[in-house]
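The residues making up each chain are set out below.
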Amino acid sequence: MTKKKVYLSPSNQTENRYAYGNTNEAVQCGKIAEACRVALVRSGVEVMVGHMPSMQQKCKESDAFKADLHVPIHTNACNGKVSGTRMFCYNKTGNGYKACRAIYNVLAPFTPGTSESITANGDELYEVRVPSAPTAYIEVDFHDVPSVAKWIIENTTNIGEKIAQGICNYLGVKFVAPAAPKPTSAPAATGSTIYRVQVGAYAVKANAEAMQKKLKVAGFDGIIVEGKK
């Protein structure tokens, strides 16, 4: 079966500073896209990521890749107060809306904000109107709210996983969850292992007995074991 193809287009907007963490939209969206890429590849989807090229170049790459879905990944800003997931598609009758809805259903409940929507804006956004593939344009949440910016920074991997899960739901591909970390070995049961500490070995028995007495004075038990060199 032919693999589905997704073009991920994380923001290249380094000038959009976060309200927390001395970072910017391009850096954090790049991390989200990488986490999404890993999750999609794990689930059997072929992925191309265009991070820092221009919008024009990204759309050309997406078309040449013959993507089944074009996914810009951004974080938003407004007045430092409003917060929530916003998504954009060409219209509400096409596959772009279906993809937005599938991603939104997984991502929006996960993000901290509550001002959330899917908007059909037709020709307003370049990466919505130009790519040949349907577009699901994501504004994860608002980075000009300090608490939300902090949340985004701390959850880039989880955000990428949620986006990938939504994309898989749209594509009809089974999402493969990340492998659970292997548990560390449990310590041996009490009494099953004995560890002995040796404090000396002496050729003269009197010297060994003297050390044994010193141990007892110090509050430690000690035994003398005879053996060969």
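Refer to the structure above for everything that follows.
Residues numbered from 1 in each chain as written. Predicted model: local features only at pLDDT ≥ 70, side-chain atom pairs only at ≥ 80, totals over all residues. Heavy atoms only, no water.

Of all the positions in helix H5 (residues 146-154), only Val148, Ala149, Trp151 and Ile152 are classed as buried. Take H5 and look down its axis: the buried residues cluster within an arc of 160°, on one side only. Along its buried surface, H5 packs onto helix H1 (25-42), strand E3 (69-76), strand E6 (137-142) and helix H6 (156-171). (Buried < 20%, exposed > 50% of the residue type's maximum accessible area, 1.4 Å probe, protein only. Helix = DSSP H or I, 4+ residues; strand = E, 2+ residues; numbered from the N terminus. Arc of directions from axis to C-beta. Contact = heavy atoms within 4.5 Å.)

Let's shift gears to the sheet that holds E6. Spatially, the 6 strands line up as an open sheet ordered E2-E1-E3-E6-E4-E5, and their pairing is mixed. Each edge of the open sheet is held by one strand with a lone partner, namely strand E2 (46-49) and strand E5 (117-120). For this sheet, the mean inter-axis angle between neighbouring strands, taken without regard to orientation, is 20°. Sitting on the sheet, H1 touches strand E1 (5-10), E2, E3 and E6, and the angle it makes with E1 is about 165°. Helix-sheet contacts for helix H2 (residues 55-65) involve E1, E2 and E3, and the interaxial angle to E1 is about 170°. (Pairing = 2+ DSSP bridges. Axes fitted to C-alpha atoms, helices over the stretch in contact; angles between N-to-C directions.)

Within E3, 8 of the 8 residues are buried, leaving the element largely enclosed by the surrounding structure. Covered by surrounding structure in E3 are Leu69, Val71, Ile73 and Thr75 together with His70, Pro72, His74 and Asn76, the residues of both alternating faces. Of the strand pairs in this sheet, E1 and E3 are connected by 5 bridges, and their pairing is parallel. Counterpart to Tyr7 in the pairing with E3 is His70. Pairing of E3 with E6, which is carried by 3 bridges, proceeds in the parallel orientation. Each bridged residue has a counterpart across the sheet, and for Asn76 the counterpart in E6 is Phe142.

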